[in-house]
Amino acid sequence: ITKKLREAMPDISLTTDIIVGFPTETEEDFRDTLSLYETVCFNAAFTFIYSPRIGTPAAKMEGQIPETVTADRMRRLIDLTETCTMKANALYLNRTWPVLVEGVSRRDDAMLSGRTPSGRMVSFGMLGSSPQQGSFLIFLFIIKPRRLLFRASVGKHPCKLVDFDDPNSFVE
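Because the structure is a prediction, the values reported are computed rather than measured.

To characterise two packed helices, one gives the angle between the axes of the helices and the distance between these axes. Axis separation between helix α2 (residues 27-40) and helix α3 (residues 67-90) bottoms out at 10 Å; the angle between their running directions is 5°. As far as their axial angle goes, α3 and α2 are roughly parallel. Residue-level contacts link Glu27, Phe30, Arg31, Leu34, Tyr37 and Glu38 of α2 to Arg73, Arg76, Leu77, Leu80, Thr81 and Cys84 of α3. Residue classes in the contact of α2 with α3 are distributed as six nonpolar, one polar and five charged.

Here is the structure:
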């Protein structure tokens, strides 16, 4: 299914949630998870270590996984997720992407931040006299894809600000 999705939509972003160390999880179960992840090569994953919660049926299950085993499995999973994420992010490099600008970056007041259509966070320099707050669309050239945040260039490469009140501004 995912192969057909990627063929039909090469820019699709696939994500998943994974819980590691649920009671009775075997090494074979975990290797199957890694194999599936590698086959699909998700763009990102939200990974969690199972932790028993008092009063839940799983907390009473036999086959609780030792913390050392769970920690090792989580490390192996994170290594794989980072490899796949960087591979997926490389597709953004040196290409122009539409970015819905959300406002000033939380980490740097001199930067704006927004998201690509696939939800990837992008930060870039201020746009001179353009609006600094609110949501607007701009086409940015991605110069540095990282694991969770992309850097985009505004000055040296073509970028285009889209005016939501002017339908003609959407045409490149």
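Turning our eyes to something else, we now look at the side chain of Asn89. Its location among the elements puts Asn89 in helix α3. A distance of 3.0 Å separates the side chain of Asn89 from the side chain of Arg120, its partner in a polar contact.

To continue, consider the pairing of strand β1 (residues 15-20). Put simply, side chains in a regular strand alternate between the two faces of the sheet. Judged by which residues are buried, β1 turns out to be one-sided: Thr16, Ile18 and Val20 face inward and are buried, whereas Thr15, Asp17 and Ile19, on the alternate face, are not. Note: β1 against strand β2 (residues 44-49), six bridges, orientation parallel. In the strand pairing of β2, Val20 is matched with Ile49. Once you follow β1 into α2 and on to β2, the crossover reads as right-handed.

With 14 residues, α2 should reach 20 Å at 1.5 Å per residue; the first-to-last C-alpha distance of 20 Å fits that figure. Residues Phe30, Leu34, Tyr37 and Val40 constitute the buried set of α2. The buried side chains of α2 occupy one side of the element, clustering within an arc of 135° when seen end-on. Of the residues in α2, the exposed ones pointing more than 90 degrees away from the buried face are Glu28, Leu36, Glu38 and Thr39. Tucked inside the fold, the buried residues of α2 contact α1 (2-8), β1, β2 and α3.

To continue, consider the layout of surface pockets. In this structure, the second largest pocket spans a volume of roughly 210 Å³. Lining the second largest pocket are 13 residues; nearest its centre among them are Arg6, Asn43, Lys87, Ala88 and Leu91. At three residues, α3 tops the list of elements feeding residues into the lining of the second largest pocket. Looking at side-chain class alone, the lining of the second largest pocket contains nine nonpolar, one polar and three charged residues.

Turning to the pattern of salt bridges, a few remarks are in order. Within the structure shown, the criterion is met by eight salt bridges. Note that Arg75 and Asp72 form a salt bridge whose closest N and O atoms lie 2.9 Å from each other. Note that Arg75 and Asp72 are positioned in helix α3 at a spacing of three residues, about one turn of the helix. Between Arg76 and Asp72 there is a salt bridge, with the nearest N and O atoms lying 3.0 Å from each other.

The next thing to look at is the packing of aromatic side chains. This structure, assessed with the given rule, holds two aromatic pairs. With centroids separated by 5.2 Å and ring planes inclined at 70°, the aromatic side chains of Phe22 and Tyr50 adopt a geometry described as edge-to-face. Highlighted residues: Phe22 in the loop between β1 and α2 and Tyr50 in the loop between β2 and α3, separated in sequence by 28 residues. Accessibility expressed as a relative area gives 36% for Phe22, which makes it partly exposed.

The subject of this paragraph is the nonpolar core. The biggest cluster of nonpolar side chains holds 14 residues, and the ones touching the most others in it are Val20, Tyr37 and Leu77. Listed by contribution, the elements that provide at least two residues to this core are β1, α2 and α3. With residues up to four places along the chain from it excluded, the contact list for Leu77 reads Ile18, Val20, Phe30, Leu34 and Thr47. Counting nine residues, the second largest nonpolar core, distinct from the first, contains Val99, Val101, Val122 and Ile142.

Parameters at a glance
Residues numbered from 1 in each chain as written. Predicted model: local features only at pLDDT ≥ 70, side-chain atom pairs only at ≥ 80, totals over all residues. Heavy atoms only, no water. Axes fitted to C-alpha atoms, helices over the stretch in contact; angles between N-to-C directions. Helix = DSSP H or I, 4+ residues; strand = E, 2+ residues; numbered from the N terminus. Parallel < 35°, antiparallel > 145°, perpendicular 65-115°, else oblique. Contact = heavy atoms within 4.5 Å. Nonpolar A, V, L, I, M, F, W, Y, C, P; charged D, E, K, R; others polar. Polar contact = N/O pair within 3.5 Å; in protein donor to acceptor, adjacent residues only side chain to side chain. Buried < 20%, exposed > 50% of the residue type's maximum accessible area, 1.4 Å probe, protein only. Pairing = 2+ DSSP bridges. Right-handed = clockwise from strand over helix to strand, strands pointing away. Expected span 1.5 Å × (residues − 1). Arc of directions from axis to C-beta. 1 Å grid on protein atoms, 1.4 Å probe; cavity = no way out; pocket = protein on both sides within 12 Å on 5 of 7 lines; lining within 4 Å. Points joined across faces, edges and corners; volume = space filled by probe spheres on them. Salt bridge = Lys/Arg side-chain N within 4 Å of Asp/Glu carboxyl O. Phe/Tyr/Trp six-rings, centres within 6.5 Å; stacked < 30°, edge-to-face > 60°. Core = buried A, V, L, I, M, F, W, Y, C linked by side-chain atoms within 4.5 Å.

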